[in-house]
Amino acid sequence: MRIHLQNPANDPLFDFSRAMWEAAASRARDIGSGHSISIGATPADFTAAMREAEALVTDASVITALFPCEAPRLKLLFLTNAGLDRLAPFTWLPPDVVLMNNRGAHAVKSGEFAIMSILMLANRIPAMVTHQRAGSWRKLWGSALGGRTVTIVGLGTLGGAAAEHAARFGMRVTGVRANPAPHPFCERVIGPDSLDGVLQETDILVLACPLTAATRGLINRRRLSLLPQGAGLVNIGRGGLLDQDALCDLLDDGHLSGVVLDVFTPEPIPPGHRLWSTPNLIISPHTAADDPATYNPRSLDIFLANLRAWRDGRDLPNRFDIGRGY
C-alpha cells in the first residue's frame, strides 16, 4: 500500500520520521511490511504524494490547511487526534474514504494528568498558587483521596484511565456516559439524564468526554451550582463542555475550591481574559494528553492495527462515526 505521512507545519515535536515508521512497522510484523512510504513537510510534498497515496496519516491541522484536495486513490485517512469536532462539518472528506482517529493513544498520559489534577485539588494546590502569587502566607489543609467522591463524565480513553487511577486511590467513582453499562473501575455508571442527582454529592468533577451536539454546554451554570460548596473540577475533554464564565464566577465567590483546566474556548486564551486572573484556577495549555516521546509511536501502532483489521475485512476499531461525533 502507498502510505503517506504528512507532518504538521509548525509542530516539530510531533514530526514523523523514517526511523519512527520503521520501528512501528517492525513492531507490527506482518502488516508493517511491503508498503511504499513517503513523508512530507510542505504543501508541495503533500500535493505530490496524494496523487498516488492510498492511506494518509496526519493531524487535524493538515486537514484544515490542505483539504479538500485531489486524492484519487485515497482509501484510508488516519488522524493523530482523538477529538475531531473542529473538523465538522465533514464535507471535505472524499467519498468512500474511511476516517479514523487515534483513540487510545492518550490513555497513559491523560490518566496520569487526571490523577495529578485530582491530587492537586484534594491538597488545595490551586489556592496555594493563588496565595503565592499574592505573597500571602496562609496555611491550607488538604485531605487524602480515599473515600472521597469523583464523578467522571466520559469513560473512553481519557475518562477510563482517570477512573482506574482514582479507584486505586480508594475514591468512590461514578462514571457518566451515553450507554450506562458497568465499568470495572466505577462503583456505578449512569446516563447523562441522571447527572444532576450525582453532582450534588460530588467532591471532584472530571470532564473527559468528546464535544458533540449532545455534550456542548453540558456543564452549564445551573449544573455547576449543583456541586457542593468546596467542590473541585478538572476538564481534560473540550472547552465547549462547560460555561467558563459561570465557572469563573463560582471560583470568585468561593463556591468552588479549585479548578484545573487543560482545554478552553477559545484556544489560545486571549490576553486579558478573566481566566488568567481568576483565583484558585490552574491553567494547562492543552498539553494534558500528549507526550512527544510516545505520541507518534503509539499513533502508528494504532494505525497499523486498524490497517490489519481493514486487510482482514474486520471492523476498524478507530473508525470515526461522523453521526455520533466520536
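Please refer to the structure placed before this passage.
Residues numbered from 1 in each chain as written. Predicted model: local features only at pLDDT ≥ 70, side-chain atom pairs only at ≥ 80, totals over all residues. Heavy atoms only, no water.

Caption draft 1: Spatial organisation of the environment of Asp 245. Looking at where Asp 245 falls in the secondary structure, it is placed in helix H9 (residues 244–252). Relative accessible area serves as the criterion here: at 41%, Asp 245 is assigned to the partly exposed category. Here the alpha-carbon distance between Asp 245 and Pro 266, two residues 21 residues apart in the chain, equals 12 Å. With residues near it in sequence (within four places) discarded, Asp 245 still touches Arg 221 and Arg 274. (Helix = DSSP H or I, 4+ residues; strand = E, 2+ residues; numbered from the N terminus. Buried < 20%, exposed > 50% of the residue type's maximum accessible area, 1.4 Å probe, protein only. Contact = heavy atoms within 4.5 Å.)

Caption draft 2: Expanded view of the packing of aromatic side chains. Enumeration according to the criterion identifies six aromatic pairs in this entry. Ring centres 5.5 Å apart and planes at 85° place the aromatic pair Phe 14 and Tyr 295 in the edge-to-face group. Residue Phe 14 is located in the loop between strand S1 (2–6) and helix H1 (18–28), and its partner Tyr 295 is located in helix H10 (residues 295–311); the two are separated by 281 residues in the primary sequence. Each member of the pair, Phe 14 as well as Tyr 295, carries the same accessibility label: buried. On the basis of an interplanar angle of 45° and a centroid distance of 5.5 Å, the ring pair of Phe 90 and Phe 320 is categorised as tilted. (Phe/Tyr/Trp six-rings, centres within 6.5 Å; stacked < 30°, edge-to-face > 60°.)

Caption draft 3: Focus on the sheet that holds strand S8 (residues 188–190). One open sheet accounts for seven strands, arranged S8-S7-S6-S9-S10-S11-S12; its pairing is parallel. Either end of the sheet is taken by a strand with one partner, and the two such strands are S8 and strand S12 (281–283). Strand-to-strand twist across the sheet, computed as the mean angle between neighbouring axes with direction ignored, equals 15°. As paired elements, strand S6 (residues 149–153) and strand S9 (residues 204–207) share four bridges and run parallel to each other. The residue bridging Ile 152 from the neighbouring strand is Val 206, located in S9. (Pairing = 2+ DSSP bridges. Axes fitted to C-alpha atoms, helices over the stretch in contact; angles between N-to-C directions.)

Caption draft 4: Representation of helix H5 (residues 125–133) in the model. Of the positions making up H5, those classed as buried are Pro 126, Ala 127 and His 131. Relative to the axis of H5, the buried residues are bounded by an arc of 140° and lie together on one face. Set apart from the buried face of H5 by more than 90 degrees, the exposed residues are Gln 132 and Arg 133. Each element contacted by the buried residues of H5 is listed here: helix H4 (107–122), strand S11 (256–261) and S12. Following H5 by one or two positions, Gly 135 has its phi on the positive side, about 65°. (Arc of directions from axis to C-beta.)

Caption draft 5: Quick look at the sheet that holds strand S2 (residues 36–40). Pairing in this open sheet of five strands is parallel, and the strands run S2-S1-S3-S4-S5 from one edge to the other. The open sheet is flanked by S2 and strand S5 (98–100), the only strands paired with a single partner. Sheet twist, expressed as the mean angle between neighbouring strand axes with direction ignored, is 15°. Across five bridges, the pairing between S1 and S2 is parallel. Across the sheet, the residue bridging to Ile 3 is Ile 37, located in S2. The strands touched by H1 are S1 and S2; relative to S2, the strand with the most contacts, the crossing angle is about 145°.

Caption draft 6: The arrangement of the pattern of salt bridges in detail. Scanning the entire structure with this criterion turns up 20 salt bridges. As a salt-bridge pair, Arg 172 and Glu 187 come within 3.4 Å of each other at their nearest N and O atoms. Placement of Arg 172 in strand S7 (residues 172–176) and of Glu 187 in the loop between S7 and S8 is noted, with a sequence separation of 15 residues between them. Looking at Arg 172, the relative accessible area reads 44%, which means it is partly exposed. Here Arg 324 and Asp 321 are joined by a salt bridge, their closest N and O atoms 3.4 Å apart. Looking at Asp 321, the relative accessible area reads 31%, which means it is partly exposed. If you follow the salt bridges from partner to partner, you end up with Asp 30, Arg 308, Arg 311, Asp 312 and Arg 314 in one network. (Salt bridge = Lys/Arg side-chain N within 4 Å of Asp/Glu carboxyl O.)

Caption draft 7: Quick look at the pairing of S1. With four of its five residues buried, S1 lies for the most part within the structure. Viewed along the sheet, the connection from S1 through H1 into S2 turns out right-handed. Pairing between S1 and strand S3 (residues 55–58): three bridges, direction parallel. Across the sheet, His 4 pairs through a bridge with Leu 56, a residue of S3. (Right-handed = clockwise from strand over helix to strand, strands pointing away.)

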